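Structural overview for review
What follows is the residue order along each chain.
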Amino acid sequence: MKFLDNISILYIYIAIINLVAFVMYGIDKWKAKHAKWRISEMALILVAILGGSIGALVGMAVWRHKTQHPKFKFGVPLILILQIVALVLTSCRAEQQVFNVATQPKESTREHSPNVFIIMYDQTVGKEAIMKAIEAYGAEIVYDYNIIAGMALKKPEDKTLEETMHFFGQVEGVVSVDYDYIYRLTDPVKPNLQIE
C-alpha cells in the first residue's frame, strides 16, 4: 500500500522548505545582531529558488531582514512570481495523446465485445464533432455515459473494430479509445495482492 502519493510529498516538501527559509532568515538576522558568522546571501536566495520563496518573504517581513537589499527586495518576489507562473503553466491542461489502435495495437488477453468499443472525450471540447463523426461513419451509440464523458459505440457492419477505433481516435475531442471488455459475474475473483 502506498502511504503518500506524489502530490502529498510535494505539499510536504513545500511546507518544509518554506519553514526552513523562514527560520534561515530569522537565524541570519539574529547572527547579524550578535556579530556572528552569517548565512551566505547565496544560501538565502537558493532556499527561495528551491521552493521556499513564501517562507523567505515572510521571514524578510517578520524579521525585518534584507528588506532594503535590491537583490532580496526585488529578487525574492520575482522568484515567487516565476514559481507561480511555472505552477500555472504546468497545471494547464495539455493536449492529450489519443490512443491510436493502428500504431499502438493493444495485446488483449481479456474478452471484449467484437462490435462495441468505448470512447472518452474532453468535456471542455464537447461531443459535437463526435456526434457528426458517428453519423458520417455509420456508427451507432449504444450508451452515452454523460456523467463520465464517455460513450459506448457500435461499429458499422462493413468495418472492422480496429479500423473503427482508429477512426474515432482521430476525432476532435476524443482523448481515449478502448475495447469494451466483458466482465462476467460468474468469473472467479482473483484478488490482486501486492506486498511491498
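Data block above holds the structure.
Keep in mind the model is a prediction, meaning the values are calculated, not measured.

Taken as a whole, this structure holds five salt bridges when the rule is applied. One salt bridge connects aspartate 28 with arginine 38, and the closest N-O pair in it is separated by 3.0 Å. Residue aspartate 28 is located in helix H1 (residues 6-33), and its partner arginine 38 is located in the loop between H1 and helix H2 (41-63); the two are separated by ten residues in the primary sequence. Judged by its relative accessible area of 35%, arginine 38 is partly exposed. Across the salt bridge formed by glutamate 128 and lysine 132, the nearest N and O atoms sit 3.4 Å from each other. In this pair, glutamate 128 and lysine 132 both sit in helix H5 (residues 128-137), four residues apart, roughly one turn of the helix. Exposure remark for lysine 132: the relative accessible area of 53% places this residue in the exposed category.

Its identity is not glycine, yet arginine 64 carries a phi of approximately 50°, on the positive side. Overall, the relative accessible area of 66% leaves arginine 64 in the exposed class. Of note in this structure, lysine 66 is not a glycine but carries a positive phi near 65°. Structurally, lysine 66 can be placed in the loop between H2 and helix H3 (70-73). Looking at lysine 66, the relative accessible area reads 8%, which means it is buried.

With that settled, consider a negative patch on the surface. A surface patch of like charges, here negative, comprises Glu157, Asp158, Glu162 and Glu163. Looking at the element boundaries, glutamate 163 is found in helix H6 (residues 161-169). Among the residues examined, glutamate 163 registers a relative accessible area of 36% and is labelled partly exposed.

Next up on the list: the packing of aromatic side chains. For the coordinates displayed, the defined rule picks out eight aromatic pairs. Seen from their ring centres, phenylalanine 22 and tryptophan 63 are 5.2 Å apart, and the 40° between their planes marks the pair as tilted. One end of the pair, phenylalanine 22, is in helix H1; the other, tryptophan 63, is in helix H2, with 41 residues separating them in the sequence. On the basis of relative accessibility, which here comes to 21%, the residue phenylalanine 22 falls in the partly exposed class. Take tryptophan 63: its relative accessible area is 33%, and that puts it in the partly exposed class. Here the aromatic rings of tyrosine 137 and phenylalanine 168 are separated by 5.7 Å at their centres, their planes lie at 80°, and the arrangement is edge-to-face. Of the two residues, tyrosine 137 sits in helix H5 while phenylalanine 168 sits in helix H6, which places them 31 residues apart along the sequence. Judged by relative accessible area, tyrosine 137 falls into the buried class, the value being 16%.

Moving on, we get to the sheet that holds strand E2 (residues 140-145). Whether parallel or antiparallel, the strands of a sheet pair through hydrogen bonds between backbone atoms. Pairing is antiparallel in the open sheet, where four strands are placed in the order E2-E3-E1-E4. A single partner strand is all that each edge strand has here, and the edge strands are E2 and strand E4 (174-181). Here the average twist between neighbouring strands, direction ignored, is 25°. Packing against the sheet, H5 makes contact with strand E1 (112-121), E2, strand E3 (150-154) and E4, and its axis sits at approximately 5° to E3. Of the strands in this sheet, E1, E3 and E4 touch H6, which is tilted by about 5° from E1.

Right, let's get into the environment of isoleucine 79. Mapped onto the secondary structure, isoleucine 79 falls in helix H4 (residues 75-91). Overall, the relative accessible area of 14% leaves isoleucine 79 in the buried class. Taking the C-alpha atoms as reference points, isoleucine 79 and isoleucine 45, 34 residues apart in sequence, are found 9.0 Å from one another. Residue contacts for isoleucine 79: discarding those within four places in its chain leaves Ile45, Ala48, Ile49 and Ser53.

The rules behind these values
Residues numbered from 1 in each chain as written. Predicted model: local features only at pLDDT ≥ 70, side-chain atom pairs only at ≥ 80, totals over all residues. Heavy atoms only, no water. Salt bridge = Lys/Arg side-chain N within 4 Å of Asp/Glu carboxyl O. Helix = DSSP H or I, 4+ residues; strand = E, 2+ residues; numbered from the N terminus. Buried < 20%, exposed > 50% of the residue type's maximum accessible area, 1.4 Å probe, protein only. Patch = residues over 30% accessible without salt bridge, like charges linked within 9 Å, V, L, I, M, F, W, Y side chains within 5 Å. Areas by Shrake-Rupley, 256 points an atom, 1.4 Å probe, with all protein chains shown as cover. Lys, Arg positive; Asp, Glu negative; His and termini not counted. Charge placed at Lys NZ, Arg CZ, Asp CG, Glu CD. Phe/Tyr/Trp six-rings, centres within 6.5 Å; stacked < 30°, edge-to-face > 60°. Pairing = 2+ DSSP bridges. Axes fitted to C-alpha atoms, helices over the stretch in contact; angles between N-to-C directions. Contact = heavy atoms within 4.5 Å.

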